[in-house]
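Listed here are the chains, written in short residue letters.
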Amino acid sequence: MKVVLIGVGQAGGRIAQSLAEFDLDMGFDAVMGAVAVNTAKADLSSLDIDTVLVGRDRVKGHGVGGDNELGAEIMQSDVTEVTDALDGRVVAETDAIVLVAGLGGGTGSGGAPVLAHELRRVYDIPVYGLGILPGRSEGSIYQINAGRSLKTLVRETDATLLIDNDAWHESDESVEEAFTSINEEIARRIGTLLASGEVIEGVGESVVDASEVINTLKEGGIASMGYASAVASEDPAENINTVTSLARNALLTGTSLPDAVEADAALLVIVGDPEHIPRKGVERARRMLEDETGSLQVRGGDFPLETDKLAAVVLLSGVERSRRVDEFMERAREAQEKQEAAPQEDPSEAFQNDELEDLF
Ligand code: GDP
């Protein structure tokens, strides 16, 4: 699938860059362009991809803090600067535009839904969101921002794939320490999904193509993905169990949204040397996915690649009713209620101290 990536905000820019680098290193050629958009100049200066600084007149390159309403307003007024930067990048071959953003911050959280709205107005191809949910340990403002942003982003995109910041890192690292490794995992996993159908080494009927990804996501709503890999055996018969257990692990433990299993539609992609991929194993894994997800729309295909490993990539769509999404929205709602109930302190009163005299 040929995509143009737009990273909005700090997380969005970093992840768009990681995805572009992975695609280049692997020689997949699925990423046709990557642009980072931000209100904070400093966050753009560390990136190698093309950049667009928005909101110069409002925040002078200093960012919006955690104010996602301001992030949305700025994107609204400067959206043509972003669409201009896409001129010549979105071409006839482009299958989709992918907007990447951390949903808990300000620029990406507020800007991505506004940009999605505009892009869908301008282009005929699908506009997907790749949204990063804040981890459980992040503060309440992140949860509130992400709840509001998610609701809007899902409405404004053709589908939004969610990655929970608690999902793909070791539990002994803090989320902050783990950003680099999470971003690498995102790049490898999402990068492989996006490249499905791009590298055809040995053509077969069972090779997956971009339309299968698009069809899996066509009902819209929230999507998630899972990934698992293992060393392949030379003998395809020995790989039958490997493929089934990889698909199960991708669904149950390697997922971007823990506990999201029930789905409206799914796609199973088996990555590996075609000689190693057992048809029987793929068929079994597909049936297992039908049972586990409760969906009758489970597509499947191979991603032929010269490697000594086998990997399963599972894309699920229509997971909005999952326990994980409910739990997250509840967390965001509680954080919002707590904030509304807290008495608004007058900052000058908080500093009252009778033992010190005022300066004048
Ligand atoms: P913005 O620049 O105002 O859009 O804000 P950020 O992109 O920093 O968004 C904050 C949210 O994104 C928080 O939930 C962070 O945990 C998360 N975040 C920030 N940077 C990264 C990153 O590099 N990787 C990942 N996975 N999450 C990040």
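Trainee: Before we go on, may I ask you to explain the domain arrangement of the protein chain in this structure?
Mentor: One widely used convention gives an interface's size as the accessible area the parts lose upon coming together. Assigned domains of the protein chain: these are domain 1 (3-195 + 322-349) and domain 2 (225-317). Each of domain 1 and domain 2 has a C-alpha centre, and the two are 28 Å apart. Contacts between the two partners involve 18 residues from domain 1 and, on the opposite side, 14 residues from domain 2. Approximately 1,500 Å² of surface area, both sides summed, lies buried where domain 1 meets domain 2, with 73% of it carried by carbon and sulfur atoms. For the pair domain 1 and domain 2, the interface holds 1 salt bridge. Between Arg-323 and Asp-259 there is a salt bridge, with its nearest N and O atoms 3.7 Å apart. For the side of domain 1 that touches domain 2, the leading source of residues is helix 7 (residues 175-195), giving 6 residues. Residues of the side of domain 1 that touches domain 2, tallied by class, amount to 11 nonpolar, 2 polar and 5 charged.

Trainee: Would you explain the sheet that holds strand 3 (residues 50-53) in this entry?
Mentor: Strand-to-strand pairing in sheets goes through backbone hydrogen bonds, with the strands running parallel or antiparallel. Taking strand neighbours across the sheet as the criterion, the 10 strands line up as 3-2-1-4-5-6-7-10-8-9 in an open arrangement whose pairing is mixed. With one partner strand each, in any of the chains shown, strand 3 and strand 9 (298-304) form the two edges of the open sheet. The sheet shows a mean angle of 25 degrees between the axes of neighbouring strands, taken without regard to direction. Across 7 bridges, strand 8 (residues 265-272) lies against strand 10 (residues 309-317) in antiparallel orientation.

Trainee: Even after reading the chapter, I still don't get the packing of aromatic side chains, so can you show me in this structure?
Mentor: Aromatic ring pairs are described here by two measures, namely the spacing of the ring centres and the angle between the planes. The final tally for this structure, using the stated rule, is 2 aromatic pairs. Consider the rings of Phe-28 and Phe-303, whose centres lie 5.5 Å apart with planes at 50 degrees: the pair is tilted. In this pair, Phe-28 sits in the loop between helix 1 (9-26) and strand 2 (31-38) while Phe-303 sits in strand 9, placing the two residues 275 residues apart along the sequence. Each of the two residues, Phe-28 as well as Phe-303, counts as buried. Here the aromatic residues Phe-22, Phe-28 and Phe-303 are joined through ring pairs into a cluster of three or more. Positioned above the aromatic ring of Trp-168 is the side chain of Arg-189, whose terminal nitrogen or guanidinium carbon lies 4.6 Å from the ring centre.

Trainee: What is the right way to read helix 9 (residues 239-252) from this model?
Mentor: Under the 1.5 Å per step criterion, the end-to-end length of helix 9 is 20 Å for 14 residues, consistent within 8% with the ideal 20 Å. Regarding helix 9, the residues found buried are Asn-239, Ile-240, Thr-242, Val-243, Thr-244, Leu-246, Ala-247, Ala-250 and Leu-251. Here the buried face of helix 9 lies against strand 7 (222-231), strand 8, helix 10 (279-293) and strand 10.

Trainee: Looking at this structure, how should I read the packing of helix 9 against helix 10?
Mentor: Relative placement of two packed helices is described by the angle separating their axes and the distance separating the axes. Helix 10 packs onto helix 9 with a crossing angle of 30 degrees between their chain directions and a minimal axis gap of 8 Å. Here helix 10 runs roughly parallel to helix 9, going by the angle between their axes. The element helix 9 and its partner helix 10 pack so that their crossing is right-handed. For the pair formed by helix 9 and helix 10, the contact residues are Ile-240, Asn-241, Val-243, Thr-244, Ala-247, Arg-248, Leu-251 and Leu-252 on the first element and Lys-280, Gly-281, Val-282, Arg-284, Ala-285, Met-288, Leu-289, Glu-292 and Thr-293 on the second. Its residues placed into classes, the contact of helix 9 with helix 10 shows 9 nonpolar, 4 polar and 4 charged.

Trainee: How should I be thinking about the pairing of strand 2 in this particular structure?
Mentor: Of all the 8 residues making up strand 2, 7 are buried; the element is thus mostly covered by neighbouring parts of the structure. Pairing of strand 1 (residues 3-8) with strand 2 involves 6 bridges; the strand directions are parallel. When the bridges of strand 2 are listed, Val-8 appears paired with Val-37. You can see the chain leave strand 1, run along helix 1 and come back into strand 2, and the turn it takes is right-handed. Two strands pair when backbone bridges link them, and strand 2 and strand 3 are joined in this way by 4 bridges, in the parallel orientation. Across the sheet, residue Val-37 finds its bridge partner in strand 3, namely Val-52.

Conventions used here
Residues numbered from 1 in each chain as written. Predicted model: local features only at pLDDT ≥ 70, side-chain atom pairs only at ≥ 80, totals over all residues. Heavy atoms only, no water. Domains from an automatic or database assignment. Contact = heavy atoms within 4.5 Å. Buried area = accessible area lost by both parts, 1.4 Å probe. Salt bridge = Lys/Arg side-chain N within 4 Å of Asp/Glu carboxyl O. Helix = DSSP H or I, 4+ residues; strand = E, 2+ residues; numbered from the N terminus. Nonpolar A, V, L, I, M, F, W, Y, C, P; charged D, E, K, R; others polar. Pairing = 2+ DSSP bridges. Axes fitted to C-alpha atoms, helices over the stretch in contact; angles between N-to-C directions. Phe/Tyr/Trp six-rings, centres within 6.5 Å; stacked < 30°, edge-to-face > 60°. Buried < 20%, exposed > 50% of the residue type's maximum accessible area, 1.4 Å probe, protein only. Lys NZ or Arg CZ within 6 Å of the ring centre and 35° of its normal. Expected span 1.5 Å × (residues − 1). Parallel < 35°, antiparallel > 145°, perpendicular 65-115°, else oblique. Left-handed = near helix turned anticlockwise from the far one by under 90°. Right-handed = clockwise from strand over helix to strand, strands pointing away.

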